[in-house]
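Secondary and tertiary structure notes
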Amino acid sequence: MTAAIMAARWVRSAAVDDESGRHWLANPDPRGRSARAGHPSSLYAGAAGIVLFFLELAAATGHQAYLDDARAGARYLARTWPEQADLTLYHGLAGAVFAMAETGWATGDEDLTDAARAAADQIVRSVRQMGDGIGWTGDPAQRGDGGIVLALLHASGILGVPVYEEVAVEAGQRIANLVVPGHRFGGDSCADLPVDAVTPGFLSGTAGTAFLLARLYGVTGEERFLAAARRGADFVRTVSEVTDKCALVPHHVPQGRRLHYLGFCSGSAGVARMFYELHRVTGDPGDLDWVERLAHGIVHSGVPNRHTPGYWNVACLCCGTAGVLELFVGLWAATGREQYLDFARSLAANLIGRATEHDDSGYRWYQAYRRLRPWEVTADTGYMVGAAGIGAALLHLDAAGLPASPRRLILLPDNPFPAIPVPAAVLRDGPA
């Protein structure tokens, strides 16, 4: 909790209030550099994600000032969303919808709820015909249409608009028709990868798409979605490196079979979400076995004290320690197994030990966000790339340690773990 509050102090030092409302600099340090990883209003690196952090800090501490921060940032989103051309979840309008809807729900501010509906309506109006179905970007991965579909499913529930779910399901049908619901990467879309590289990971790859299809099966009960999710999961299993009780997923194939990311975006922490979602909607113990194999692979790699080619000097939610922490808090909430909570605590201790506070303005984390450019060490305020997301992950662990006072966490639409991070058995056995 203290570390999360200290992270908030640094994020607050980056606040900018102008005619559009409140947003935050990527890095307020004098001559400070940032990873430049997203739009200033995005969920990934901008205002939408920081709003979520302040909402959670307000719930955790009961301090009105943090809720005021969140509301101010959400009002900025409400004023600026019409300028957002990107429609995706992590980098565009769908992320703003999520943040505005959550803030409206938490504060009772109907203006924010109305703005979230208006922005979601714009996403629905922007859908277009694509071959044998509808979509927006043509990319089935979470970074493309997959994330938009998940955001619309969430918006349908929290905003009470059934047509959002109808459009999401129809867009998902096109994705389900893919032979293997993966993502052909490389080339123009990522100069760092060969043009024929295929990524089995979560944010830009097969696992994230299979997660989406499993979620759609849970929503609709339509077997086509489950069959497509199983095709994706089978591909991930096929290309993974499996030992006795461990599994590691390659960053890309065929060239990067020995490069095993451990974080959320392209590694085990993200891929495990796909298998847990399959377990959640089907009850298949084989899927839970794979979740735990991936978790064991992370533990046996020696992190957080040992750096590997897929776990380098990076702390953030996207590809670093905080994203791994999220997995282990979620696994504990799902299974009640204490070894997962113990490992989550070791990750948190590592994160807190790596925090910097050299000028009394709060905690930040300097990291090499881009693995292939390790000399670019930067700090960011944002959710997926910086202090806001690290602070949120620490708050989730804090909540897991308070079974007598459970609170709802704000989990992104691609997080399948319990929103109240306390196993049912603990709640039953704890104080009334």
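Here is a short report on the structure shown in this document.

The rules behind these values
- Residues numbered from 1 in each chain as written.
- Predicted model: local features only at pLDDT ≥ 70, side-chain atom pairs only at ≥ 80, totals over all residues.
- Heavy atoms only, no water.
- Helix = DSSP H or I, 4+ residues; strand = E, 2+ residues; numbered from the N terminus.
- Rg over C-alpha atoms; globule rule 2.2 N^0.38 Å.
- Buried < 20%, exposed > 50% of the residue type's maximum accessible area, 1.4 Å probe, protein only.
- Contact = heavy atoms within 4.5 Å.
- Areas by Shrake-Rupley, 256 points an atom, 1.4 Å probe, with all protein chains shown as cover.
- Lys, Arg positive; Asp, Glu negative; His and termini not counted.
- Charge placed at Lys NZ, Arg CZ, Asp CG, Glu CD.
- Phe/Tyr/Trp six-rings, centres within 6.5 Å; stacked < 30°, edge-to-face > 60°.
- Axes fitted to C-alpha atoms, helices over the stretch in contact; angles between N-to-C directions.
- Parallel < 35°, antiparallel > 145°, perpendicular 65-115°, else oblique.
- Left-handed = near helix turned anticlockwise from the far one by under 90°.
- Nonpolar A, V, L, I, M, F, W, Y, C, P; charged D, E, K, R; others polar.
- Salt bridge = Lys/Arg side-chain N within 4 Å of Asp/Glu carboxyl O.
- Expected span 1.5 Å × (residues − 1).
- Pairing = 2+ DSSP bridges.

This part covers the overall build of the protein. The helix and strand tally for the protein stands at 15 helices and six strands. Computed over its C-alpha atoms, the radius of gyration of the protein comes to 20 Å, within 12% of the 22 Å expected for a compact globule of 432 residues. Reported as C-alpha extents along the three principal axes, the dimensions of the protein are approximately 55 × 50 × 50 Å. When each of the 432 residues of the protein is scored for burial, the buried share is 61%. Residue pairs in contact within the protein that sit at least 24 positions apart in sequence constitute 65% of those at least 6 positions apart. Of the roughly 16000 Å² of accessible surface on the protein, 51% is carried by carbon and sulfur atoms. Side-chain charges of the protein comprise 37 positive and 45 negative groups, with the mean position of each set lying 4 Å from the other.

Our focus in this paragraph is the packing of aromatic side chains. A full pass over the atoms with the stated rule returns 13 aromatic pairs. On the basis of an interplanar angle of 35 degrees and a centroid distance of 5.9 Å, the ring pair of Trp 24 and Phe 54 is categorised as tilted. Note that Trp 24 is positioned in strand β2 (residues 21–24) and Phe 54 in helix α2 (residues 47–61), a separation of 30 residues in sequence. In terms of burial, Trp 24 and Phe 54 fall into one category: buried. Ring geometry for Phe 202 versus Phe 211: centroids 5.6 Å apart, planes at 70 degrees, classification edge-to-face. We classify Phe 202 as buried; its relative accessible area is 0%.

As a packed pair, α2 and helix α14 (residues 387–400) sit with axes 9 Å apart at the nearest point and diverge in direction by 30 degrees. For the element pair α2 / α14, the angle class is roughly parallel. The element α2 and its partner α14 pack so that their crossing is left-handed. Counting all contacts with α2, which are made through Ile 50, Phe 53, Glu 56, Leu 57 and Ala 60, the residues of α14 involved are Ala 388, Gly 391, Ala 392, Leu 395 and His 396. By residue class, the composition of the contact of α2 with α14 is seven nonpolar, two polar and one charged.

Turning next to the side chain of Glu 56. Tracing the sequence through the fold places Glu 56 in helix α2. Arg 407 provides the closest opposite charge to the buried, unpaired Glu 56, separated from it by 6.0 Å.

Moving on, we get to α2. Taking 1.5 Å of rise per residue, the 15 residues of α2 would be expected to cover 21 Å, and the 21 Å separating its terminal C-alpha atoms lies within 8% of that figure. A large share of α2 lies buried, amounting to 13 of its 15 residues. Phi for Gly 62, located one or two positions after α2, is positive at around 75 degrees.

The next subject is the pairing of β2. As paired elements, strand β1 (residues 15–18) and β2 share four bridges and run antiparallel to each other. Each bridged residue has a counterpart across the sheet, and for Asp 18 the counterpart in β2 is Gly 21. Linking β1 back to β2 in an antiparallel pair, the connection comprises two residues.

On to the pattern of salt bridges. For the coordinates displayed, the defined rule picks out 27 salt bridges. In this structure, Asp 69 and Arg 22 form a salt bridge, with 2.9 Å as the shortest nitrogen-oxygen distance. Residue Asp 69 is located in helix α3 (residues 64–80), and its partner Arg 22 is located in strand β2; the two are separated by 47 residues in the primary sequence. Linking Arg 71 and Asp 109 is a salt bridge whose minimum nitrogen-to-oxygen distance equals 3.9 Å. In this pair, Arg 71 is assigned in helix α3 and Asp 109 in the loop between α4 (93–107) and α5 (110–125), connecting sequence segments 38 residues apart. Within this structure, Arg 230, Asp 234, Arg 237, Asp 284 and Asp 287 form a network of salt bridges that share partners.

This part takes up the side chain of Arg 293. Here Arg 293 is to be found in helix α11 (residues 285–300). Other than its neighbours up to four places away in sequence, Arg 293 contacts Val 242, Thr 243, Asp 244, Lys 245, Cys 246 and Ala 247.

Before going further, it helps to spend a moment on the packing of helix α12 (residues 321–335) against α14. Running from N to C, α12 and α14 cross one another at 20 degrees; their axes reach a closest spacing of 9 Å. Regarding the angle of α12 to α14, the classification is roughly parallel. Between α12 and α14 lies a crossing whose hand is left-handed. Only Ile 390, Ala 393, Leu 394, His 396, Leu 397 and Ala 400 of α14 make contact with α12, whose side of the interface consists of Ala 322, Leu 325, Glu 326, Val 329 and Trp 332.

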